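Commentary on secondary and tertiary structure
Residues per chain, in single letters:
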Amino acid sequence: MLSTRRVGISRDPRPTARRGGVFVALVAAAVLGAGPGRVRPAAAQPSPRVHVVATGGTISNREGGRLSAAEVASLAPGIERYAQLSTEQFSNTASGALTVAQYLALAKRLNALYRDDPGLAGIVVAMGTDTMEELAWFLHLTVRDPRPVVVVGSMRNPSQVGFEGPANILAAVRVAADPAARGVGTVVVLNDEIHSAREVAKTDARRLQTFRAGEYGVLGVVDPDRVVWVRRPIQRHSATSEFDVERIDSLPRVDILLTYQGAPADLITAAASAGASGIVVAVAGAGAMSGTQAAGVREVRDRGVFVVTATRTGSGRISAGTADRTATTDAATERRRAHTLVAEDHAPLKARLLLMLGLATTREGHELQRMFREY
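All figures in this text were calculated on a predicted structure; none of them were measured in a lab.

Thresholds applied
Residues numbered from 1 in each chain as written. Predicted model: local features only at pLDDT ≥ 70, side-chain atom pairs only at ≥ 80, totals over all residues. Heavy atoms only, no water. Helix = DSSP H or I, 4+ residues; strand = E, 2+ residues; numbered from the N terminus. Buried < 20%, exposed > 50% of the residue type's maximum accessible area, 1.4 Å probe, protein only. Contact = heavy atoms within 4.5 Å. Areas by Shrake-Rupley, 256 points an atom, 1.4 Å probe, with all protein chains shown as cover. Polar contact = N/O pair within 3.5 Å; in protein donor to acceptor, adjacent residues only side chain to side chain. Pairing = 2+ DSSP bridges. Axes fitted to C-alpha atoms, helices over the stretch in contact; angles between N-to-C directions. pLDDT = per-residue confidence, 0-100.

**With respect to the overall build of the protein**
Along the backbone of the protein there are eleven helices and 14 strands. Counting the 375 residues in the protein, one finds 47% classified as buried. Counted over contacts in the protein with a minimum sequence separation of 6, partners at least 24 positions apart contribute 73%. Per element, the accessible surface of the protein, about 18100 Å² overall, is 53% carbon and sulfur.

**Considerations on the environment of Ser74**
The topology assignment puts Ser74 in the loop between α3 (69–73) and β2 (84–89). Between the C-alpha atoms of Ser74 and Leu170, which are 96 residues apart in sequence, the distance is 9.2 Å. Among the polar contacts listed, one links the side chain of Ser74 to the backbone oxygen of Glu71, at a separation of 3.1 Å.

**Structural notes on the sheet that holds strand β12 (residues 278–283)**
Across the sheet, which stays open at both edges, the four strands sit in the order β11-β12-β13-β14 with parallel pairing between neighbours. Edge positions in the open sheet fall to β11 (254–258) and β14 (340–342), since each of these has one partner strand only. Neighbouring strand axes in the sheet, compared pairwise and without regard to direction, differ in orientation by 25° on average. Note: β11 against β12, five bridges, orientation parallel.

**Quick notes on the environment of Thr58**
In this fold, Thr58 is placed in the loop between β1 (49–54) and α3. The exposure class assigned to Thr58 is partly exposed, which follows from its relative accessible area of 26%. In sequence terms Thr58 and Ala94 are 36 residues apart; their C-alpha atoms lie 7.3 Å from each other. Residue contacts for Thr58: discarding those within four places in its chain leaves Gly128, Ser154, Met155, Arg156, Asn157 and Pro158.

**Focus on the pairing of β1**
Taken across its six residues, β1 has five buried, putting it largely inside the fold. Sheet topology note: the β1/strand β3 (residues 120–126) ladder contains six bridges and is parallel. For Val53, the partnering residue across the bridge sits in β3 and is Val125.

**Observations concerning the confidence of the model for the protein**
When pLDDT is averaged across the protein, the result is 89; 85% of the residues are at 70 or more. When the criterion is pLDDT under 50, residues 1–37 qualifies, and its contacts beyond four places in sequence or with other chains add up to eleven contacts.

Set out below in C-alpha coordinates:
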(Lines give C-alpha, C1' and ligand atoms only; values in the text may rest on other atoms or scores of the structure.)
Protein backbone atom coordinates (compact mmCIF):
# COMPACT_ATOMS: atom_id res chain seq x y z
CA MET A 1 0.00 0.00 0.00
CA LEU A 2 1.35 3.42 -1.01
CA SER A 3 2.25 5.61 1.93
CA THR A 4 0.61 9.06 1.87
CA ARG A 5 3.61 10.47 3.70
CA ARG A 6 5.96 9.67 0.86
CA VAL A 7 3.97 11.60 -1.76
CA GLY A 8 3.18 14.49 0.54
CA ILE A 9 -0.62 14.12 0.72
CA SER A 10 -2.27 14.91 4.09
CA ARG A 11 -5.17 12.76 5.21
CA ASP A 12 -8.64 14.28 5.00
CA PRO A 13 -11.08 12.89 7.59
CA ARG A 14 -14.03 13.59 5.24
CA PRO A 15 -15.44 10.76 3.09
CA THR A 16 -13.69 10.07 -0.19
CA ALA A 17 -16.74 10.97 -2.30
CA ARG A 18 -16.99 14.39 -0.66
CA ARG A 19 -13.30 15.11 -1.25
CA GLY A 20 -13.67 14.12 -4.88
CA GLY A 21 -16.61 16.48 -5.32
CA VAL A 22 -14.63 19.40 -3.97
CA PHE A 23 -11.75 18.56 -6.32
CA VAL A 24 -14.08 18.47 -9.33
CA ALA A 25 -15.61 21.78 -8.33
CA LEU A 26 -12.20 23.44 -8.06
CA VAL A 27 -11.17 22.15 -11.46
CA ALA A 28 -14.42 23.34 -13.00
CA ALA A 29 -14.01 26.77 -11.46
CA ALA A 30 -10.48 27.09 -12.80
CA VAL A 31 -11.53 26.04 -16.29
CA LEU A 32 -14.53 28.38 -16.30
CA GLY A 33 -12.42 31.26 -15.05
CA ALA A 34 -14.08 31.61 -11.66
CA GLY A 35 -12.46 32.25 -8.32
CA PRO A 36 -8.86 32.70 -7.28
CA GLY A 37 -7.68 29.70 -9.28
CA ARG A 38 -8.57 31.27 -12.65
CA VAL A 39 -6.18 30.27 -15.45
CA ARG A 40 -5.22 33.24 -17.60
CA PRO A 41 -3.55 32.71 -20.99
CA ALA A 42 -0.21 34.50 -21.43
CA ALA A 43 -0.68 37.83 -23.20
CA ALA A 44 0.75 37.92 -26.70
CA GLN A 45 3.80 40.15 -26.90
CA PRO A 46 3.53 42.89 -29.55
CA SER A 47 5.92 42.59 -32.47
CA PRO A 48 8.90 44.99 -32.52
CA ARG A 49 8.37 48.11 -34.59
CA VAL A 50 10.76 48.72 -37.48
CA HIS A 51 10.79 51.81 -39.70
CA VAL A 52 11.84 51.44 -43.34
CA VAL A 53 13.37 54.47 -45.08
CA ALA A 54 13.74 54.11 -48.85
CA THR A 55 16.24 56.10 -50.91
CA GLY A 56 15.93 54.27 -54.25
CA GLY A 57 18.50 52.05 -55.91
CA THR A 58 18.29 48.74 -57.77
CA ILE A 59 15.96 47.20 -55.20
CA SER A 60 13.26 49.67 -56.24
CA ASN A 61 14.19 50.05 -59.91
CA ARG A 62 11.36 48.13 -61.57
CA GLU A 63 10.80 48.47 -65.31
CA GLY A 64 8.12 51.08 -65.86
CA GLY A 65 8.74 52.95 -62.63
CA ARG A 66 10.42 52.76 -59.27
CA LEU A 67 8.84 51.04 -56.29
CA SER A 68 7.72 53.23 -53.41
CA ALA A 69 8.94 52.79 -49.85
CA ALA A 70 5.75 50.92 -48.92
CA GLU A 71 6.14 48.60 -51.92
CA VAL A 72 9.76 47.87 -51.06
CA ALA A 73 8.84 47.11 -47.45
CA SER A 74 6.09 44.70 -48.54
CA LEU A 75 8.25 42.69 -50.96
CA ALA A 76 8.70 39.77 -48.57
CA PRO A 77 5.58 37.68 -47.79
CA GLY A 78 5.14 37.01 -44.08
CA ILE A 79 7.35 39.88 -42.99
CA GLU A 80 4.66 40.95 -40.50
CA ARG A 81 5.51 37.90 -38.39
CA TYR A 82 8.75 39.58 -37.35
CA ALA A 83 7.89 43.27 -37.03
CA GLN A 84 5.29 45.97 -37.36
CA LEU A 85 6.46 48.12 -40.27
CA SER A 86 6.17 51.81 -41.04
CA THR A 87 7.73 53.46 -44.09
CA GLU A 88 8.85 56.73 -45.57
CA GLN A 89 10.36 57.87 -48.85
CA PHE A 90 13.53 59.88 -48.35
CA SER A 91 14.51 59.88 -52.03
CA ASN A 92 14.11 57.57 -55.02
CA THR A 93 17.34 57.64 -56.99
CA ALA A 94 20.53 55.73 -57.70
CA SER A 95 22.94 55.60 -54.76
CA GLY A 96 25.63 57.36 -56.78
CA ALA A 97 23.31 60.34 -57.20
CA LEU A 98 22.99 60.90 -53.45
CA THR A 99 24.91 63.98 -52.39
CA VAL A 100 26.90 64.69 -49.24
CA ALA A 101 24.18 67.16 -48.30
CA GLN A 102 21.66 64.31 -48.50
CA TYR A 103 23.93 62.16 -46.33
CA LEU A 104 23.71 64.87 -43.67
CA ALA A 105 19.95 65.23 -44.08
CA LEU A 106 19.40 61.48 -43.79
CA ALA A 107 21.57 61.22 -40.67
CA LYS A 108 19.59 64.05 -39.09
CA ARG A 109 16.32 62.35 -39.99
CA LEU A 110 17.34 59.00 -38.49
CA ASN A 111 18.52 60.69 -35.31
CA ALA A 112 15.16 62.45 -35.08
CA LEU A 113 13.26 59.18 -35.58
CA TYR A 114 15.08 57.56 -32.68
CA ARG A 115 14.87 60.66 -30.49
CA ASP A 116 11.11 61.06 -30.99
CA ASP A 117 10.16 57.37 -30.76
CA PRO A 118 11.75 55.54 -27.80
CA GLY A 119 9.75 52.39 -28.62
CA LEU A 120 11.15 52.00 -32.12
CA ALA A 121 13.25 48.82 -32.31
CA GLY A 122 15.30 49.55 -35.42
CA ILE A 123 15.55 51.34 -38.76
CA VAL A 124 16.09 49.80 -42.19
CA VAL A 125 17.51 51.97 -44.99
CA ALA A 126 16.88 50.58 -48.48
CA MET A 127 19.27 51.92 -51.12
CA GLY A 128 21.43 51.13 -54.12
CA THR A 129 24.52 49.01 -53.64
CA ASP A 130 27.06 51.04 -55.65
CA THR A 131 27.84 53.46 -52.82
CA MET A 132 26.26 51.49 -49.98
CA GLU A 133 29.53 51.08 -48.09
CA GLU A 134 29.95 54.85 -47.97
CA LEU A 135 26.49 55.83 -46.75
CA ALA A 136 26.45 52.96 -44.24
CA TRP A 137 29.78 54.14 -42.80
CA PHE A 138 28.54 57.72 -42.61
CA LEU A 139 25.45 56.62 -40.67
CA HIS A 140 27.64 54.41 -38.45
CA LEU A 141 29.49 57.58 -37.42
CA THR A 142 26.54 59.98 -37.14
CA VAL A 143 23.40 58.17 -35.91
CA ARG A 144 24.03 58.55 -32.21
CA ASP A 145 21.72 55.93 -30.74
CA PRO A 146 22.41 52.34 -29.61
CA ARG A 147 19.54 51.00 -31.72
CA PRO A 148 20.60 49.57 -35.10
CA VAL A 149 20.48 51.01 -38.59
CA VAL A 150 20.33 48.20 -41.16
CA VAL A 151 21.26 49.15 -44.72
CA VAL A 152 19.91 46.85 -47.42
CA GLY A 153 19.61 46.63 -51.19
CA SER A 154 19.79 44.12 -54.01
CA MET A 155 22.07 43.31 -56.91
CA ARG A 156 19.16 42.49 -59.24
CA ASN A 157 16.11 44.65 -59.86
CA PRO A 158 12.46 43.59 -59.45
CA SER A 159 12.09 42.94 -63.19
CA GLN A 160 14.96 40.44 -63.36
CA VAL A 161 14.83 36.68 -62.91
CA GLY A 162 16.30 35.78 -59.53
CA PHE A 163 15.51 39.13 -57.88
CA GLU A 164 16.79 38.71 -54.31
CA GLY A 165 15.21 41.86 -52.91
CA PRO A 166 12.44 40.09 -50.95
CA ALA A 167 14.92 37.82 -49.15
CA ASN A 168 17.21 40.75 -48.36
CA ILE A 169 14.38 42.94 -47.04
CA LEU A 170 13.13 40.11 -44.83
CA ALA A 171 16.63 39.51 -43.44
CA ALA A 172 17.19 43.23 -42.83
CA VAL A 173 13.91 43.61 -40.91
CA ARG A 174 14.71 40.55 -38.81
CA VAL A 175 18.10 42.03 -37.88
CA ALA A 176 16.59 45.44 -37.10
CA ALA A 177 13.97 43.79 -34.87
CA ASP A 178 16.47 41.60 -33.03
CA PRO A 179 17.22 42.88 -29.49
CA ALA A 180 20.80 41.59 -29.87
CA ALA A 181 21.37 44.15 -32.65
CA ARG A 182 21.41 46.93 -30.08
CA GLY A 183 24.89 48.41 -29.89
CA VAL A 184 26.25 47.17 -33.24
CA GLY A 185 25.75 50.52 -34.99
CA THR A 186 25.03 50.51 -38.71
CA VAL A 187 25.26 47.20 -40.53
CA VAL A 188 24.87 46.08 -44.13
CA VAL A 189 22.64 43.03 -44.65
CA LEU A 190 22.60 41.22 -48.00
CA ASN A 191 22.78 37.56 -48.96
CA ASP A 192 21.85 36.57 -45.37
CA GLU A 193 25.11 38.06 -44.04
CA ILE A 194 25.54 40.87 -41.52
CA HIS A 195 28.55 43.14 -42.04
CA SER A 196 29.76 46.08 -39.98
CA ALA A 197 29.63 49.37 -41.87
CA ARG A 198 33.19 50.03 -40.72
CA GLU A 199 34.72 47.17 -42.68
CA VAL A 200 32.31 46.22 -45.46
CA ALA A 201 33.09 46.88 -49.12
CA LYS A 202 31.46 46.06 -52.41
CA THR A 203 33.93 43.68 -54.04
CA ASP A 204 32.22 42.55 -57.25
CA ALA A 205 30.21 44.48 -59.81
CA ARG A 206 27.56 41.77 -60.32
CA ARG A 207 27.74 38.80 -57.95
CA LEU A 208 25.19 38.45 -55.16
CA GLN A 209 27.93 37.79 -52.59
CA THR A 210 29.62 41.09 -53.44
CA PHE A 211 29.72 42.54 -49.91
CA ARG A 212 32.72 41.40 -47.91
CA ALA A 213 34.60 42.57 -44.83
CA GLY A 214 38.04 41.35 -45.85
CA GLU A 215 40.07 39.69 -43.15
CA TYR A 216 37.60 40.72 -40.42
CA GLY A 217 34.62 38.65 -41.59
CA VAL A 218 30.91 38.84 -40.84
CA LEU A 219 29.26 40.03 -37.65
CA GLY A 220 26.69 37.31 -38.06
CA VAL A 221 24.23 35.57 -40.35
CA VAL A 222 20.47 35.44 -40.77
CA ASP A 223 19.37 31.81 -40.64
CA PRO A 224 15.82 30.45 -40.98
CA ASP A 225 15.42 29.87 -37.25
CA ARG A 226 17.19 32.94 -35.83
CA VAL A 227 19.68 35.74 -36.28
CA VAL A 228 23.12 34.44 -35.26
CA TRP A 229 25.80 36.89 -34.04
CA VAL A 230 29.46 35.87 -33.90
CA ARG A 231 31.23 39.15 -33.05
CA ARG A 232 30.60 42.83 -32.34
CA PRO A 233 32.50 46.02 -33.26
CA ILE A 234 34.65 47.49 -30.51
CA GLN A 235 35.65 50.81 -32.13
CA ARG A 236 33.71 54.00 -31.40
CA HIS A 237 30.48 54.40 -33.34
CA SER A 238 26.81 55.39 -33.10
CA ALA A 239 25.94 56.12 -29.44
CA THR A 240 29.59 56.80 -28.53
CA SER A 241 30.33 59.00 -31.55
CA GLU A 242 31.40 62.62 -31.10
CA PHE A 243 30.04 63.70 -34.49
CA ASP A 244 26.84 65.65 -33.86
CA VAL A 245 25.22 66.34 -37.23
CA GLU A 246 22.79 68.77 -35.62
CA ARG A 247 25.76 71.12 -35.31
CA ILE A 248 26.96 70.58 -38.90
CA ASP A 249 25.36 72.45 -41.82
CA SER A 250 27.85 71.41 -44.48
CA LEU A 251 30.95 69.27 -44.84
CA PRO A 252 34.35 70.42 -46.16
CA ARG A 253 35.61 69.13 -49.47
CA VAL A 254 37.93 66.12 -49.33
CA ASP A 255 39.24 64.45 -52.50
CA ILE A 256 40.79 61.04 -53.17
CA LEU A 257 43.76 60.52 -55.48
CA LEU A 258 45.36 57.22 -56.44
CA THR A 259 49.02 56.27 -56.52
CA TYR A 260 50.03 54.71 -59.85
CA GLN A 261 53.25 54.55 -61.82
CA GLY A 262 54.45 58.07 -62.59
CA ALA A 263 51.55 59.80 -60.81
CA PRO A 264 52.01 63.59 -61.07
CA ALA A 265 52.05 66.22 -58.36
CA ASP A 266 49.77 68.59 -60.27
CA LEU A 267 46.63 66.56 -59.57
CA ILE A 268 47.27 66.95 -55.85
CA THR A 269 47.96 70.67 -56.06
CA ALA A 270 44.94 71.14 -58.34
CA ALA A 271 42.66 69.56 -55.74
CA ALA A 272 43.98 71.98 -53.12
CA SER A 273 43.56 74.93 -55.49
CA ALA A 274 39.97 73.85 -56.17
CA GLY A 275 39.15 74.15 -52.49
CA ALA A 276 39.90 70.77 -50.91
CA SER A 277 40.52 71.05 -47.18
CA GLY A 278 41.80 67.49 -47.14
CA ILE A 279 43.17 64.93 -49.60
CA VAL A 280 43.26 61.17 -49.22
CA VAL A 281 46.05 59.52 -51.20
CA ALA A 282 45.34 55.85 -51.91
CA VAL A 283 48.97 54.78 -51.73
CA ALA A 284 50.67 51.60 -52.87
CA GLY A 285 51.37 49.04 -50.16
CA ALA A 286 51.91 50.54 -46.72
CA GLY A 287 52.65 54.10 -47.85
CA ALA A 288 54.55 54.25 -51.16
CA MET A 289 53.84 57.05 -53.65
CA SER A 290 55.05 57.35 -57.23
CA GLY A 291 56.13 59.98 -59.71
CA THR A 292 56.10 63.47 -58.25
CA GLN A 293 53.26 62.87 -55.81
CA ALA A 294 55.45 63.38 -52.75
CA ALA A 295 56.37 66.87 -53.93
CA GLY A 296 52.69 67.68 -54.42
CA VAL A 297 51.89 66.44 -50.94
CA ARG A 298 54.61 68.65 -49.42
CA GLU A 299 53.28 71.69 -51.26
CA VAL A 300 49.65 71.30 -50.20
CA ARG A 301 50.57 70.58 -46.60
CA ASP A 302 52.45 73.88 -46.58
CA ARG A 303 49.16 75.48 -47.66
CA GLY A 304 47.37 73.96 -44.65
CA VAL A 305 45.68 71.07 -46.43
CA PHE A 306 45.50 67.83 -44.48
CA VAL A 307 46.78 64.75 -46.33
CA VAL A 308 45.78 61.24 -45.30
CA THR A 309 47.54 58.19 -46.67
CA ALA A 310 45.35 55.09 -46.99
CA THR A 311 46.36 51.84 -48.62
CA ARG A 312 44.85 50.96 -51.98
CA THR A 313 45.38 47.23 -51.36
CA GLY A 314 41.95 46.59 -49.83
CA SER A 315 43.21 45.54 -46.41
CA GLY A 316 46.00 46.25 -43.98
CA ARG A 317 47.04 49.12 -41.76
CA ILE A 318 49.26 52.14 -42.30
CA SER A 319 50.98 53.03 -39.07
CA ALA A 320 51.67 56.52 -37.77
CA GLY A 321 54.96 57.98 -38.99
CA THR A 322 54.92 56.11 -42.30
CA ALA A 323 54.15 59.18 -44.35
CA ASP A 324 56.91 61.48 -43.07
CA ARG A 325 60.17 59.94 -41.89
CA THR A 326 62.33 63.07 -42.06
CA ALA A 327 64.44 63.67 -38.97
CA THR A 328 64.57 67.48 -39.13
CA THR A 329 62.55 69.54 -36.64
CA ASP A 330 62.39 73.02 -38.26
CA ALA A 331 59.11 74.97 -38.25
CA ALA A 332 58.22 74.05 -41.84
CA THR A 333 58.69 70.35 -41.14
CA GLU A 334 56.60 70.54 -37.99
CA ARG A 335 53.83 72.28 -39.94
CA ARG A 336 53.89 69.54 -42.56
CA ARG A 337 53.80 66.83 -39.90
CA ALA A 338 50.78 68.51 -38.29
CA HIS A 339 48.97 68.13 -41.60
CA THR A 340 50.11 64.56 -42.22
CA LEU A 341 47.73 61.81 -41.20
CA VAL A 342 47.46 58.06 -41.70
CA ALA A 343 44.20 56.21 -42.22
CA GLU A 344 45.16 53.24 -40.03
CA ASP A 345 43.12 50.36 -41.52
CA HIS A 346 40.42 52.51 -43.12
CA ALA A 347 39.91 52.14 -46.87
CA PRO A 348 40.26 55.36 -48.90
CA LEU A 349 36.48 55.80 -49.28
CA LYS A 350 35.95 55.43 -45.54
CA ALA A 351 38.95 57.65 -44.72
CA ARG A 352 37.47 60.45 -46.85
CA LEU A 353 34.16 60.53 -44.96
CA LEU A 354 35.84 60.31 -41.57
CA LEU A 355 38.15 63.19 -42.49
CA MET A 356 35.19 65.28 -43.67
CA LEU A 357 33.42 64.83 -40.36
CA GLY A 358 36.66 65.40 -38.47
CA LEU A 359 37.39 68.65 -40.29
CA ALA A 360 33.86 69.84 -39.54
CA THR A 361 34.77 69.41 -35.86
CA THR A 362 38.43 70.41 -35.50
CA ARG A 363 41.52 71.57 -37.41
CA GLU A 364 43.99 70.09 -34.94
CA GLY A 365 46.11 67.39 -36.59
CA HIS A 366 46.60 65.34 -33.44
CA GLU A 367 42.83 65.28 -32.85
CA LEU A 368 42.16 64.16 -36.41
CA GLN A 369 44.71 61.38 -36.05
CA ARG A 370 43.05 60.32 -32.82
CA MET A 371 39.79 59.92 -34.72
CA PHE A 372 41.41 57.55 -37.21
CA ARG A 373 42.64 55.46 -34.29
CA GLU A 374 39.38 55.37 -32.36
CA TYR A 375 36.72 54.91 -35.08
